Amino acid sequence: MHSAPQPLHIPDGFLSVLVSLLFWLLTAAAVGYALRRVGKDLGDRQVPMMGVLAAAIFAGQMLNFSVAGGTSGHLMGAAIATILLGPWAAMLVMTCVVSVQALIFQDGGLLVLGANIFNMGVVGVAVSYMAYRTLQRLARGARWGLFAGGFIATWLSIEASALLVALQLAVSGVSPANVAVPAMGGVHALIGIGEGLITLGALAFLYRARPDLLLAGEERPIKGQFIWAFGLLLAFGLAVASPLASSNPDGLEWVAAQAGFLDARRLSPFNLIPDYLLPGISNQALATVLAGVLGMLIVFAVTLLVAYNRRARRASD
Amino acid sequence: MHHSIEVKDLSFAYPDGHQALKGVSLSIAPCEKVALVGPNGAGKSTLILHLNGILMGSGEVRVCAVEARKENLGRLRAMVGLVFQSPDDQLFSPTVFDDVAFGPLYQGLAAELVHRRVEEALCAVHMCGYERRISHHLSAGEKKRIAIATVLSMQPEVLVLDEPTAGLDPRARRSLIQLLRELPMTMLVSTHDMHMVGELFPRMVIMDEGSIVADGPTEALMNDQALLEAHGLEKP
Amino acid sequence: MHIHFLDPFQPRQSPIHQLDPRVKFVLALAFILTAALTPSGAWSAYILLFALAFSATILSDLGASYVLKRSALALPFVLSALPLIFTTEGASLLDLSIGAWSLTVTQPGLARFASLALKSWVSVQAGILLAVTTPFPDLLVAMRALGVPRLIVAVIGLMWRYLFVLADEALRLIRARLARSGDAANAELRTGGSLVWRARVAGGMAGSLFLRAFERSDRIYMAMLSRGYDGEARTLPLPRIRPLQWLTLGVGLGILALLLVLAYLI
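Cut-offs applied
Residues numbered from 1 in each chain as written. Chains lettered and ligands numbered in written order. Predicted model: local features only at pLDDT ≥ 70, side-chain atom pairs only at ≥ 80, totals over all residues. Heavy atoms only, no water. Helix = DSSP H or I, 4+ residues; strand = E, 2+ residues; numbered from the N terminus. Rg over C-alpha atoms; globule rule 2.2 N^0.38 Å. Buried < 20%, exposed > 50% of the residue type's maximum accessible area, 1.4 Å probe, protein only. Contact = heavy atoms within 4.5 Å. Areas by Shrake-Rupley, 256 points an atom, 1.4 Å probe, with all protein chains shown as cover. Lys, Arg positive; Asp, Glu negative; His and termini not counted. Charge placed at Lys NZ, Arg CZ, Asp CG, Glu CD. Pairing = 2+ DSSP bridges. Axes fitted to C-alpha atoms, helices over the stretch in contact; angles between N-to-C directions. Salt bridge = Lys/Arg side-chain N within 4 Å of Asp/Glu carboxyl O. Nonpolar A, V, L, I, M, F, W, Y, C, P; charged D, E, K, R; others polar. Polar contact = N/O pair within 3.5 Å; in protein donor to acceptor, adjacent residues only side chain to side chain. Buried area = accessible area lost by both parts, 1.4 Å probe. pLDDT = per-residue confidence, 0-100. Disulfide = S-S within 2.5 Å. Phe/Tyr/Trp six-rings, centres within 6.5 Å; stacked < 30°, edge-to-face > 60°.

**A closer look at the overall build of chain B**
Point 1. Of regular secondary structure, chain B possesses 10 helices and 10 strands.
Point 2. On C-alpha atoms alone, chain B measures out to a radius of gyration of 18 Å, which is about the 18 Å that the 2.2 N^0.38 rule sets for 236 residues.
Point 3. Each principal axis of the C-alpha atoms in chain B carries an extent, and together these give about 50 × 45 × 40 Å.
Point 4. The proportion of buried residues among the 236 residues of chain B is 58%.
Point 5. By sequence separation, contacts in chain B at least 24 residues apart represent 62% of the contacts at least 6 residues apart.
Point 6. Put simply, chain B shows about 9,900 Å² of open surface, and 51% of that area lies on carbon and sulfur atoms.
Point 7. Across chain B, the centroid of the 22 positively charged side chains sits 4 Å from that of the 30 negatively charged ones.

**Side note on the sheet that holds strand E6 (residues 80-83) of chain B**
Residue and element names in this part refer to chain B.
Point 1. Strand order in the open sheet formed by six strands is E6-E7-E8-E3-E9-E10, with mixed pairing between adjacent strands. Unpaired on one side and paired on the other, E6 and strand E10 (211-217) mark the two borders of the sheet. Neighbour-to-neighbour, the strand axes of this sheet turn through a mean angle of 15 degrees, independent of strand direction.
Point 2. The pairing of strand E7 (residues 158-162) with strand E8 (residues 186-190) spans five bridges and is parallel. Paired with Val-158 across the two strands is Thr-186, which belongs to E8.
Point 3. Packed onto the sheet, helix H6 (residues 140-152) meets E6 and E7 and runs at close to 160 degrees relative to E6.

**What to know about the interface of chain C and chain B**
Point 1. Taken together, the 30 residues of chain C in the interface contact 33 residues of chain B.
Point 2. Here chain C is connected to chain B by five salt bridges.
Point 3. Here Asp89(B) ties to Arg216(C) by a salt bridge, and the two come within 2.9 Å at their closest N and O atoms.
Point 4. Contributing elements (two or more residues each) for the side of chain C that touches chain B: helix H7 (136-145), helix H8 (150-179) and helix H9 (195-226) of chain C.
Point 5. For the side of chain C that touches chain B, the leading source of residues is H9(C), giving eight residues.
Point 6. A breakdown of the residues in the side of chain C that touches chain B according to their chemical character gives 16 nonpolar, five polar and nine charged.

**Comments concerning the environment of Asp215(B)**
Residue and element names in this part refer to chain B.
Point 1. For Asp-215, the position within the fold is in strand E10.
Point 2. For Asp-215, a relative accessible area of 38% translates into the label partly exposed.
Point 3. The residues touching Asp-215, leaving out its near neighbours within four places in the chain, are Leu-26, Arg-203, Met-204, Val-205 and Leu-221.
Point 4. For Asp-215, the side chain forms a polar contact with the side chain of Arg-203, separated by 2.9 Å.

**Focus: the interface of chain C and chain A**
Point 1. Chain C puts 96 residues into the contact, and the matching count from chain A is 87 residues.
Point 2. In total, about 8,100 Å² of surface goes out of reach between chain C and chain A, with carbon and sulfur atoms giving 78% of it.
Point 3. Summed over the three residues of chain C that lose the most area to chain A, namely Phe77(C), Phe210(C) and Phe214(C), the buried surface amounts to 10% of that side.
Point 4. In this structure, the connection of chain C to chain A is made through two salt bridges.
Point 5. Viewed at the interface, chain A and chain C are joined by six residue pairs in polar contact (both at pLDDT 80 or more).
Point 6. Per-element accounting of the side of chain C that touches chain A gives the leading share, 24 residues, to H9(C).
Point 7. Here the side of chain C that touches chain A is built from residues that sort into 68 nonpolar, 17 polar and 11 charged.

**Overview of the confidence of the model for chain C**
All names here are of chain C.
Point 1. Overall, the prediction assigns chain C a mean pLDDT of 86, with 92% of residues at 70 or greater.
Point 2. Looking across chain C, the model is least confident in strand E1 (residues 92-98), with a mean pLDDT of 72, and most confident in helix H2 (residues 21-37), with 96.
Point 3. On the interface metric, ipTM, the complex scores 0.91, and its pTM is 0.88.

**Brief notes about the state of the cysteines**
Residue and element names in this part refer to chain B.
Point 1. Under the defined criterion, the tally for this structure stands at one disulfide over all chains.
Point 2. Disulfide pairing is shown between Cys-123 and Cys-128; the S-S distance is 2.1 Å.
Point 3. Classification of Cys-123 as partly exposed rests on a relative accessible area of 34%.
Point 4. Residue classification places Cys-128 among the partly exposed positions, given a relative accessible area of 44%.
Point 5. In this model Cys-31 remains outside any disulfide bridge; the closest cysteine sulfur is found in Cys-64, 10 Å from its own.

**Some remarks on the packing of aromatic side chains**
Point 1. Tallied over the full model, the rule gives 15 aromatic pairs over all chains.
Point 2. Geometrically, the ring pair formed by Phe147(A) and Tyr207(A) is edge-to-face, given 5.8 Å between the ring centres and 70 degrees between the ring planes. Here the residue Phe147(A) occupies a position in helix H6 (residues 143-171), and Tyr207(A) occupies one in helix H7 (residues 177-209), the gap between them amounting to 60 residues.
Point 3. Accessibility expressed as a relative area gives 34% for Tyr207(A), which makes it partly exposed.
Point 4. Pairing Phe102(B) with Tyr106(B) gives two aromatic rings, centres 4.5 Å apart and planes at 35 degrees, and the pair type is tilted. Placement of both Phe102(B) and Tyr106(B) in helix H4 (residues 96-106) is noted, with a separation of four residues, approximately one turn of the helix. In terms of burial, Phe102(B) and Tyr106(B) fall into one category: buried.
Point 5. Chaining the aromatic ring pairs together yields one cluster made of Phe58(A), Phe105(A), Phe136(C), Trp160(C) and Phe164(C).

**Thoughts on the sheet that holds strand E1 (residues 5-13) of chain B**
All names here are of chain B.
Point 1. Ordered by their spatial adjacency, four strands build an open sheet running E2-E1-E4-E5, and the pairing between neighbours is antiparallel. With one partner strand each, in any of the chains shown, strand E2 (19-28) and strand E5 (66-67) form the two edges of the open sheet.
Point 2. Bridge count between E1 and strand E4 (residues 58-63): five bridges; the pairing is antiparallel. Its bridge partner lying in E4, Lys-8 is registered against Glu-60.

**Some points on the pattern of salt bridges**
Point 1. Tallied over the entire structure, the rule returns 23 salt bridges over all chains.
Point 2. Three or more residues joined by partner-sharing salt bridges are found here, namely Glu60(B), Arg62(B), Glu67(B), Arg69(B) and Glu71(B).

In structure tokens, the structure reads:
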């Protein structure tokens, strides 16, 4: 039952408008590129394959297992999508999953959707791909490479996404970095283990039943290098930035203050309006009271309208 | 006068090596209604998938004189309305309208014509007004009929159905049989439902282990007990 | 057995339900953007935003408690902003000592926290209203109109269609697991298996689900080919937006713009 919102999906209001817009731009660029690459990789099978796999990830999030003390581990999906479909299709699949989670279930906001897609879809996939390919190459095709790669790819993708969320919250001035980074990083380090185990189980099953499906994660080495490097850069960057931000929260606060300037200052271009229209009552207090009255009037009017309409309809029936 | 369906010496092996069709030959005249029966694994579904070019084996396959070759696949698929066994796999669009409009849309028809074809197809399966419905909410019988509508909207020459009555309760089954009786075009139906075969199909083709073992009038073949038993069939 | 409850859409005969989905989508986004742009501490603006959301809820014939209950689910994230109460500089209200830590609750901190919570809460309500009053195929139309790439809209459409089918399958897998998860006759034995084993079973179920998904996608692909699919995402042109809908859009955007301006002046 899709009821509990997940800790990685940021709701509206928690990122500053500038941060939200920035990540929308980054996501649009990444997804735009992925759209062009996917056609070349999957051909005209792409729509049914991505659509049904996205449905499987969504449905798969219902499959949980109890970890300890009432918590449960379950599936995020970036890593397993990457292993099954390759990085570009996985990015699109995660985009679709995260978008519908936000739109239909309010799991994550709409304005901050760009950031959520970036965190889970772009970063999650890039980091998974990097980890998975690295371990596969290290193992030189041996079976342990697949399983170790799967586990580490899952854990890393969750941890990286979590750290990025923490940094985004810090830069938005919503949660200080020295609290957000360890909190998000710590909690998700545990969650990542649970998900890693589930991914392992899924890979073990698929390796026995249809090993040919797992080869779909193979990318032609030359073209794959870009996203591999991107994933490495991200992982490394987050690993460095997070403890740095954590120990110097003031630095990010300064950025937040600059970026959130709309929040802090109020525009008062019209100094014609005196500070107090009524003696003793500040303008702000007055405005609040008036707003309250106006708001109640609006709601009252609408309620009357609806009630009247209903009665008229009933009368005519 | 050309045959609606003409298959000459068709052989096909799956990638894993399994020889599914061994030199199958079959001719079906326009407006003929033929039942294809046989045990599971006989090659019935494989044969059907050759009729619109999804699979391509060695030998000749022609539908209304159009040969099943890569260049002709578009034309072929407009002429052969293939209805698969599971309607859930065929109803993949958000609404019934979108599913039934899919075929005409990909034929490149204008929007107004597409709308008309959808209306006609839905009414032909007695589901007028179901345009805005969502496939997931329909019953099994309704889904089967919509699945038929999705190919009828292309106005095919030939209708090919794979196990149309499988999984239906008696009422839905009766209603589907009635529908098949009403449809005028050439029809080839693969089925285990021997009662339906006796009722609707004057000609029966028995397949077993990749070959056609019998092809003739249904009544005559139904009375051949030995033949039926030899190929895992039962007289209704 | 169907998982209907996954679909939040509630059909009603209300003006909100009858709004063109494209207009509704834009208004919802504009509402959320307005809430996001409203400065911290602009209580009058928040009151009006809540009044608007509440009015829309009443108009939609859904029942206020329904929307409020659903919106409460999205709020736990608010805890992540709790430190704001203590870290924002300003006039101190309360001094707390918890063990070795001494924390000061500041007035601006409280104001910022409350502002954030209220803005987030009202935005969630807008999202809920959009999702609950608009049937999914109409949301796809809105996405297309807003310029979402056609490939993505097509994939989302398929995903939604098969979500319920696969969720049914997942439910069956869970039930099968439950049916096999009995207690041993001997009360001394620890049931449930090790963590690793449980993860493997869950993983195996996930793997099975993915396998079925792959095979199903093959069959769907064949069905699409049989109806002439050529790889392009083709759609019929969208219907025109009626003048009344344009008017509603204009009025709605105007009200939000006015609200935003007022929020900055006061």
